[in-house]
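Below, each chain spelled out in residue letters.
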Amino acid sequence: MLNPLYQSFFERHRNSDALLMIQENGSHFSYGDFLDIAARFANTLVTCGMKLGDRVLLQVPKSAEALAVYAACVQSGSVMVPLNTGYTVDEVNYFVGDAKPKLVICNPKNRDGLQSICENHSAQLETLDSVGEGSFTSLAAQQPMDFQTVERSLDDLAAFLYTSGTTGRSKGAMLSQRNLLSNAQALVETWNFTSSDVLFHALPIFHTHGLFVASNVTFLAGSSMIFMPSFKVQQAIEHFPRATTMMGVPTFYTRLLDDARLNRDLVQHMRLFISGSAPLLAETHVAFEERTGHRILERYGMTETNMITSNPYDGERRAGTVGHPLPGVEIRITNQETAVPNTASEIGMIEVKGPNVFTGYWNMPEKTAEEFREDGFFITGDLGQLDEAGYLQIVGRSKDLIISGGYNIYPKEIELLLDEQEDVLESAVIGVPHPEFGEGVVGVLVAKPGVNLDSEALSAAIHSKIARFKQPKQLFVLPKLPRNTMGKVQKNILREYFAQAFRTKLD
Ligand code: MLC
Ligand code: AMP
């Protein structure tokens, strides 16, 4: 194929009048409309000087046009690098310096803040807002609606997505056309997606879940989407009678369960509810089934690997498990000390191999090498166990990571920032149970001798430095941090000690 990803997701629909999406404001886009916009955007990328493999950094609100930038990148051979809209200017500065994009497209509100950063890195800066307007769209309005699709192979890069790291430095996970296409094919097959499906899409489109799982499955199956800027229970309730499926993080399900209007009648048109990105509590699974008659289908994945396992569509969906490997994907559980594959169903490291697994971290060959075994298995950092029927259960993580409302937060990044603050001697950042987000971020601080720490002043000091969702929701001060004989901070003791931090506040 000339450009396998473009042809499989987009070209097939070129002359189709089928509905691709309806948005919050009622605007509709057929596949044909969407591809016309994408072709204009592809021409615009070329006029901006983008060559094969050049990066476009995108930090914009969710809209049909934002998604069309993705299609335009695939069609023109550019590499899209989407960024969380919550990242601050300081954070974006790092990504611009690392990804070295030729073009940055941002929310018009952030233009002033990003101007000098882009100038310093010789990147062109354009804008796109929540209704798809901005300087980028204005440039595109002068462009033709047809674009000669650029030749690309399955091995070529389609996108890279940043994931934070245990060292505090974000890494760009490079994803090839093969990674994205093979995974979308496996998911369409496993979840029985067809052109009759209507997906209630309320996830952000800067992460794997909303962009590659939800949107790619839709494109490949030729389905439709109800495309909402973010998740609101009210909108879910209004739209479920027209939708057939929803993909969400566990917070979507707990919020829905908190609303008395969620019942069997409301979801009778739905055929499938999918959950992922964070552990779905078995009690949520059970409560959702009791209220709606639907057993949520839980699956497991990562930015680096796309989706790895899924509970079955037909067959038993086991609460507390993430199911079996997807077609074409291999997993194994290895001993954490020896790295030898387990023979019995013992807890160990989850490792994965297959066409879904990324090609490496952008400009970080050593880091890439560290995370792969010699025989090509990728070390996920998640700990798991297979049950007697081969269902994978995730029992913990070997990486120091907090997952809050489906967003990954690496404590190290926040500790480095807290430690820089004038009166702070040292800090430890932990995740403890949070009724809404699964885990909530707590910062534990030790003051320099003779000073009193002012938590409010500290929160204010880090406010503009890191995204709001990463900032500790509570700060506590201790005289010292618990350490083991090797001097390592015992975070398990802190987690236990502060386990009730959010219960007492929110219950
Ligand atoms: C928002 N806030 C959060 C938060 N989201 N705090 C902690 N964790 C989160 N996830 C905070 C904001 O900073 C703000 O704080 C306040 O909550 C209200 O913000 P909001 O924007 O109005 O929040 P809301 O719209 O309610 O968002 C919650 C959410 C959202 C759960 C709907 O976070 C979300 O859509 N999460 C999905 C993330 C996702 O797509 N993950 C997939 C990653 S891919 P304040 O203090 O300013 O009021 C991946 C691989 C895989 O993991 O397997 O899928
Ligand atoms: P990210 O790096 O944002 O892609 O997040 C990937 C991580 O999310 C995985 O390594 C897991 O720790 C976690 N994750 C994804 N899906 C699930 C799930 N269904 N249950 C538990 N954890 C999950």
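Residues numbered from 1 in each chain as written. Chains lettered and ligands numbered in written order. Predicted model: local features only at pLDDT ≥ 70, side-chain atom pairs only at ≥ 80, totals over all residues. Heavy atoms only, no water.

1. Overview of the domain arrangement of the protein chain
When the parts of a complex come together, some accessible area is lost, and that lost area is often used as the size of the interface.
Next, step 1: What the domain assignment reports for the protein chain is domain 1 (1-16 + 25-152) and domain 2 (402-506).
Next, step 2: Summarising the inter-unit geometry, the C-alpha centres of domain 1 and domain 2 are found 36 Å apart.
Next, step 3: Taken residue by residue, the interface counts six residues in domain 1 and ten residues in domain 2.
Next, step 4: Between domain 1 and domain 2 the total buried area reaches about 490 Å² when both faces are included, carbon and sulfur atoms providing 44% of it.
Next, step 5: Where domain 1 meets domain 2, there are two salt bridges.
Next, step 6: A salt bridge links Lys470 to Glu91, with the shortest nitrogen-to-oxygen separation between them at 2.5 Å.
Next, step 7: The interface formed by domain 1 and domain 2 contains four residue pairs in polar contact (both at pLDDT 80 or more).
Next, step 8: In the side of domain 1 that touches domain 2, the residues fall into one nonpolar, three polar and two charged. (Domains from an automatic or database assignment. Contact = heavy atoms within 4.5 Å. Buried area = accessible area lost by both parts, 1.4 Å probe. Salt bridge = Lys/Arg side-chain N within 4 Å of Asp/Glu carboxyl O. Polar contact = N/O pair within 3.5 Å; in protein donor to acceptor, adjacent residues only side chain to side chain. Nonpolar A, V, L, I, M, F, W, Y, C, P; charged D, E, K, R; others polar.)

2. Brief notes about the sheet that holds strand E11 (residues 245-248)
Next, step 1: Ordered by their spatial adjacency, nine strands build an open sheet running E2-E1-E10-E9-E11-E12-E13-E14-E15, and the pairing between neighbours is mixed. Every other strand in the sheet has two partners, leaving strand E2 (28-30) and strand E15 (324-325) as the edge strands with one partner each.
Next, step 2: Taken together, the two bridges between strand E9 (residues 198-201) and E11 define a ladder with parallel strand orientation. Counterpart to Leu199 in the pairing with E11 is Thr245. (Pairing = 2+ DSSP bridges. Helix = DSSP H or I, 4+ residues; strand = E, 2+ residues; numbered from the N terminus.)

3. Quick look at the site of ligand 2
Next, step 1: Arg299, Thr303, Asp382, Lys399 and Asn408 are the nearest of the 16 residues found near ligand 2.
Next, step 2: Within the contact set of ligand 2, an oxygen atom lies 2.6 Å away from a side-chain nitrogen or oxygen of Thr303.
Next, step 3: Side-chain polar atom of Lys399 to an oxygen atom of ligand 2: 2.7 Å apart, as the coordinates give it.
Next, step 4: Burial of ligand 2 by the protein chains amounts to 91% of its free accessible area of 500 Å².
Next, step 5: For the shell around ligand 2, the secondary structure elements donating two or more residues are strand E13 (297-302) and strand E20 (392-397).
Next, step 6: Looking at which element gives the most residues to the shell around ligand 2, the answer is E13, with five residues.
Next, step 7: Counted by class, the shell around ligand 2 contains seven nonpolar, four polar and five charged residues. (Near = heavy atom within 4 Å. Areas by Shrake-Rupley, 256 points an atom, 1.4 Å probe, with all protein chains shown as cover.)

4. Focus: the site of ligand 1
Next, step 1: In the neighbourhood of ligand 1, 21 residues make up the surrounding shell, with Arg255, Ser277, Arg299, Ser404 and Arg468 lying closest.
Next, step 2: Note that a nitrogen atom of ligand 1 is positioned 2.6 Å from one of the side-chain N or O atoms of Ser404.
Next, step 3: Here a nitrogen atom of ligand 1 sits 3.0 Å away from a polar atom, N or O, in the main chain of Gly405.
Next, step 4: About the coverage of ligand 1: the protein hides 74% of its 1000 Å² of free accessible area.
Next, step 5: Counting residues per element, the ones that place at least two in the shell around ligand 1 are helix H8 (208-221), helix H10 (250-257) and E13.
Next, step 6: Residue contributions to the shell around ligand 1 peak at three residues, all from H10.
Next, step 7: Looking at the shell around ligand 1 residue by residue, the classes come out as eight nonpolar, nine polar and four charged.

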